[in-house]
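Notes for the structure review
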Amino acid sequence: MDARTPEPAVAVDRLAKVYKTATAVDGISFSLPAGSITGLLGGNGAGKTTTIAMLMGLVSPTSGTIRVLGAAMPRQRYRVLARMNFESPYVEMPMRLTIRQNLNVFGRLYGVDALGERIARIASELELTDLLDRPTGKLSAGQKTRVSLAKALINTPDLLLLDEPTASLDPDTADWVRARLERYRHEHGATLLIASHNMAEVERMCERVIIMKTGRIEDDDTPANLLKRYGRSTLEDVFLDVARSRGHAAETAS
Amino acid sequence: MSAFSFSPRRVAAMVLRYWYLLRSSWPRLLELIYWPAVQMLMWGFLQQYVNANASAFARAGGTFIGAVLLWDILFRGQLGFSVSFLEEMWARNLGNLMISPLRPSEFVSALMVMSVVRLAIGMVPVSLLAVAFFGFNVWSLGLALAAFFVNLILTSWAIGIFVSGLVLRNGLGAENLAWTIMFIFLPLTCVYYPVATLPSWLQVIAWTLPPTYVFEGMRALLIEHAFRADLMLEALALNVVLFALAVAAFLALLASARRNGSLMQTGE
């Protein structure tokens with residue numbers, strides 16, 4: 001790599017994951033520049049979640065290499081895990097603990113300095129201050145998402161991985177979450193990778209979209225270029241074209 | 001920042017997490033005391049009956065109550081370790097922990113601390129009940145009790161680590177092992193009778209298990225008033241081997257869980 005070129009936040013090369021006989025990820029390569037925001041699109045079983053799990057060191061690759069924030073994953077995971085975080089509505093926080101207790105525990109795990117102040121600030125930013133001493137299990141879906149987001153931001157991560165961050169939220173709350181994520185990225189220069197089924201969300205937030213299908217990258221471009229190349233007006237139509245294998249035909253036609 | 005660096009702060013964070021959980025639920029606290037108390041009372045009254053009706057040998061020194069209390073250190077120690085681990089599975093929180101900077105060694109250390117905390121919550125009141133009901137003071141065993149405790153808790157941790165690895169690898173389908181695995185030790189480690197009671201081939205197996213030495217040592221102390229340091233050292237040596245094997249198995253099962261993606265699921 002050129003010494004003047006900043007190292008990408010994430011660099012994936014020929015990454016594959018095979019579970020016994022099923023291939024979940026099939027030799028994908030991509031890199032995410034530091035400070036970028038990228039959407040990872042794909043239908044169920046496309047390999048998005050497995051890809052993100054490999055980036056976090058939660059799943060070992062079958063082959064290929066991953067570098068995250070300069071560290072080889074999963075071998076050097078403990079060099080960088082304190083600078084990353086993850087949010088998903090499908091990974092719950094301990095229900096019996098209050099929000100403050102949960103943030104206290106995770107803040108300590110991530111080695112956050114001046115933790116009390118950090119919790120107060122993040123609670124204020126995410127409008128959780130009045131709820132801090134309420135058990136997490138007694139919150140609404142929208143409030144739980146904000147708590148998960150607070151946990152994901154507690155260590156001010158340089159790389160934030162999000163899996164369906166606004167799933168099951170009403171449009172107003174989802175919009176509010178998206179605005180907070182955009183603000184966080186703007187203020188901290190963080191790199192965001194968002195796996196989502198919500199095309200409008202990806203179209204609004206992401207400057208680049210990676211579309212996966214059956215473990216492979218089918219397309220990788222800016223939303224504007226994708227719309228232009230596929231001759232479509234929405235990413236949802238582009239996604240359907242790719243999902244129904246009309247992508248390349250459209251590309252050739254254009 | 002290697003995989004082998006160790007942060008007491010992260011261990012303390014995990015202990016705090018389990019303490020918050022215990023504090024939030026009185027049934028969890030009650031459960032820690034309830035069964036050990038029932039066991040101790042049942043065996044204590046049986047001991048009283050034997051004292052009144054059997055030979056001088058059988059009457060010697062409260063071996064049943066002593067055995068119950070020591071068995072509970074072994075059983076509850078393992079359960080305290082495994083249940084704290086299972087709490088993460090039940091809460092579906094394992095994914096959050098595994099992507100945090102928490103090392104496996106720190107996670108296991110926190111579980112070991114919690115095993116002692118949970119044991120203390122259950123056993124200290126029960127040991128005082130034994131004094132009140134039957135005049136049996138386990139604390140009067142002094143240094144011998146310390147030797148018994150160290151050996152039993154080491155075995156309980158080794159089993160807890162191994163079971164946690166199995167649950168990590170196989171999901172909550174393996175949960176029952178956490179509750180039942182220790183019962184195989186009940187007949188084999190000769191909790192309530194001397195090793196000589198077993199057929200000779202089974203004695204060979206019994207002597208490969210560290211707790212056997214502890215229960216023999218307890219009987220020697222209560223019946224013959226002799227502290228068998230040799231038995232305690234042999235148990236310690238076996239425990240070191242058992243603990244190392246359990247840690248190796250846990251790390252292998254964790255690596256296997258990362259390979260087969262079971263850390264992403266952590267369900268059944």
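In short, a report on the structure. Computed from a predicted model, the values in this text were never measured in an experiment.

This part covers the overall build of chain B. Of regular secondary structure, chain B possesses 13 helices and zero strands. The order of helices and strands in chain B, counted from the N terminus, is α-α-α-α-α-α-α-α-α-α-α-α-α. Counting only C-alpha atoms, chain B reaches 60 × 40 × 30 Å along its principal axes. Residue burial in chain B is summarised as follows: out of 268 residues, 56% are buried. Of the roughly 11200 Å² of accessible surface on chain B, 72% is carried by carbon and sulfur atoms. When the 15 positive and 11 negative side-chain charges of chain B are each reduced to one mean point, those points stand 9 Å apart.

Another aspect to go through is the nonpolar core. Core analysis: the biggest nonpolar cluster contains 174 residues, and A:Met84, A:Leu161, B:Leu69, B:Leu70, B:Phe107 and B:Phe148 have the highest contact counts within it. Examining the composition of this core, we find that 16 residues originate from one element, helix H4 (residues 63–90) of chain B, more than from any other. When residues no more than four places from it in sequence are discounted, the contact partners of B:Leu69 are B:Met40, B:Met123, B:Val126, B:Ala130, B:Phe136 and B:Val138.

Okay, the packing of aromatic side chains next. Residue and element names in this part refer to chain B. The full count for this structure, using the stated rule, is seven aromatic pairs over all chains. Ring centres of Trp-71 and Phe-75 lie 5.8 Å apart, and the angle between their planes is 5°; on these two criteria the pair is classed as stacked. Note that Trp-71 and Phe-75 are positioned in helix H4 at a spacing of four residues, about one turn of the helix. Residue classification places Trp-71 among the buried positions, given a relative accessible area of 2%. Note on Phe-133 and Phe-134: the rings are 5.9 Å apart at their centroids and 45° apart in plane angle, and the pair reads as tilted.

Taken as a whole and judged by the stated rule, the model has 21 salt bridges over all chains. Between B:Asp230 and B:Arg228 there is a salt bridge whose closest N-O contact spans 2.9 Å. We classify B:Asp230 as partly exposed; its relative accessible area is 37%. It is possible to trace a salt-bridge network through shared partners that takes in A:Asp175, A:Glu182 and A:Arg204.

Bringing the interface of chain B and chain A into the picture now. Listed per partner, the contact involves 33 residues of chain B and 34 residues of chain A. For the pair chain B and chain A, the interface holds zero salt bridges. The interface formed by chain B and chain A holds nine residue pairs in polar contact (both at pLDDT 80 or more) in total. Going through the elements one at a time, helix H1 (8–23), helix H5 (94–98), helix H12 (229–260) and helix H13 (262–265) of chain B are the ones with two or more residues in the side of chain B that touches chain A. It is H1(B) that contributes the most residues to the side of chain B that touches chain A, nine residues altogether. Residue composition of the side of chain B that touches chain A, by class: 16 nonpolar, eight polar and nine charged.

Basis of the calculations
Residues numbered from 1 in each chain as written. Chains lettered and ligands numbered in written order. Predicted model: local features only at pLDDT ≥ 70, side-chain atom pairs only at ≥ 80, totals over all residues. Heavy atoms only, no water. Helix = DSSP H or I, 4+ residues; strand = E, 2+ residues; numbered from the N terminus. Buried < 20%, exposed > 50% of the residue type's maximum accessible area, 1.4 Å probe, protein only. Areas by Shrake-Rupley, 256 points an atom, 1.4 Å probe, with all protein chains shown as cover. Lys, Arg positive; Asp, Glu negative; His and termini not counted. Charge placed at Lys NZ, Arg CZ, Asp CG, Glu CD. Core = buried A, V, L, I, M, F, W, Y, C linked by side-chain atoms within 4.5 Å. Contact = heavy atoms within 4.5 Å. Phe/Tyr/Trp six-rings, centres within 6.5 Å; stacked < 30°, edge-to-face > 60°. Salt bridge = Lys/Arg side-chain N within 4 Å of Asp/Glu carboxyl O. Polar contact = N/O pair within 3.5 Å; in protein donor to acceptor, adjacent residues only side chain to side chain. Nonpolar A, V, L, I, M, F, W, Y, C, P; charged D, E, K, R; others polar.

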